[in-house]
Amino acid sequence: MKFAPALPAIYGETLASLTARLAEIGQPAFRAGQVLDWLYKKRVATWDEMTNLPRELRDWLRTNFDVAPTSFVLDRQSGDETDKLLLELGDRSLIETVIIRAPMLGVGVNRSRKTICISTQVGCAMGCKFCASGLDGLKRNLSAGEIVHQLIQVCRLEDAQTPRARAELASFDNIVVMGMGEPLHNYEAIIRALTIVNADWGLGFGARRITLSTSGLVPRILELADEPLGLRLAISLHGATDEVREQIMPVNKKYPLAELLPAVRAFSEKKGRMVTLEFILIADINDSLDQAERLRDIAYDLHAHVNLIPYNTVEGLPWKRPSVNRQERFADVLRARGVSVTLRREKGHDIAAACGQLRLQTEKTRDAGLAAPV
Ligand code: SAH
Ligand code: SF4
């Protein structure tokens, strides 16, 4: 079957770019604002619902932009805490978006803190040895519109379930860019997407509630420090010496710790924000007390927070997490010097960690002509 050439997603347009595009066809400037209001505040799914636009303009938009760049394939609730959405793109590629719910004490029964984990690429080129997302390499970058639309899908789902106090507010508390892909390897698209998410005319979502996680692309970290967006930064460290890190993260050969750590410091100082160091604990790979001591010194020096994540097993890969005792001993080494550290519990780590696995599983069964797993 031949597919029609893909139209650009309307969700990748900014107020300025859409105003300029509409001016070319003689439309007044206020029309762009009306379109964005339908998309981000009222969150309609079709052009026909944009009832204050002239019919000819709706027809023009329909032939020039895609209003549904992602569609639901599967919504897999993995318990009360996480909800994984599998989304299909125009070219049938699959991506994952995860909703993570953490109960908030004392704020009423139905209120929980919601964090949304979004993907930035189909697959990943970085080839970390432990990660499901990188197993088949990079298929392609997501466009800015495909990145933004993941959040719109979540908003619609949540809007339908929970009546919102104010219709236009997004129904979640935090965004983490920790799904499939290396966000800084798709730099322009992720910056454009998060600018749209942050803008008043977009989702109006505070940049300080957005955390971007990277495997450590040094020049891009420095560029990010100069962006006007005040994002939070997390670094996937996973090794406290070059020897250990490059064994599991090929990116360390290009950007070793001697380059990465000063870049992290520069970011932290420029933005005046504490950076998070993520450290997956993998048995017999990076869980020695020597690694703990070195990580402690790095974090202390950078004044960084450390997130210890017990490794989540990936089908087909040999790695395992250490025992709970060993995890605790590792964490204690850091705590003893006053380093701020969290050791994720069983359920929590399932979240970003398992991103990429559902997609791989479904692609395999789909391409073999079987039904998707549920
Ligand atoms: N590419 C970016 C963001 C996506 S990965 C990055 O690497 O930072 C999000 C986080 O999940 C990273 O810290 C990554 O190392 C971690 N992760 C990947 N596979 C995992 C697994 N099997 N168990 C636990 N964490 C994992
Ligand atoms: Fe890519 Fe991040 Fe997975 Fe490494 S950990 S392969 S950078 S998604």
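See the structure shown above.
Scoring rules and cut-offs
Residues numbered from 1 in each chain as written. Chains lettered and ligands numbered in written order. Predicted model: local features only at pLDDT ≥ 70, side-chain atom pairs only at ≥ 80, totals over all residues. Heavy atoms only, no water. Near = heavy atom within 4 Å. Polar contact = N/O pair within 3.5 Å; in protein donor to acceptor, adjacent residues only side chain to side chain. Areas by Shrake-Rupley, 256 points an atom, 1.4 Å probe, with all protein chains shown as cover. Helix = DSSP H or I, 4+ residues; strand = E, 2+ residues; numbered from the N terminus. Nonpolar A, V, L, I, M, F, W, Y, C, P; charged D, E, K, R; others polar. Buried < 20%, exposed > 50% of the residue type's maximum accessible area, 1.4 Å probe, protein only. Pairing = 2+ DSSP bridges. Right-handed = clockwise from strand over helix to strand, strands pointing away.

Now for the site of ligand 1. Around ligand 1, 18 residues are found, and the nearest of them are G181, S213, S236, H238 and N312. Take T214: an N or O atom from its main chain is 3.4 Å from an oxygen atom of ligand 1. Contacts to ligand 1 include E278, whose side-chain N or O atom sits 3.4 Å from an oxygen atom. Within the complex, the protein chains bury 94% of what would otherwise be the 530 Å² of accessible surface of ligand 1. Where the shell around ligand 1 is concerned, the elements lending two or more residues are β8 (210-214) and β10 (276-281). Class assignment for the residues of the shell around ligand 1 results in 8 nonpolar, 8 polar and 2 charged.

Close to ligand 2 lie C124, M126, C128, F130, C131, S133, G181, E182 and S215, which account for all nearby residues. Residue composition of the shell around ligand 2, by class: 5 nonpolar, 3 polar and 1 charged.

Attention shifts here to the pairing of β10. Among the 6 residues in β10, 6 count as buried, and that is most of the element. Every second residue of β10 is oriented toward a common face, with T276, E278 and I280 on one face and L277, F279 and L281 on the other, all of them buried. With 3 bridges joining them, strand β9 (residues 232-236) and β10 adopt parallel strand pairing. Across the sheet, the residue bridging to I235 is L277, located in β10. Relative to strand β11 (residues 305-310), β10 runs parallel, the two sharing 6 bridges. By the bridge assignment, E278 is partnered in β11 with N307. Regarding topology, helix α10 (residues 289-302) serves as the crossover connection from β10 to the parallel β11, and that connection is right-handed.

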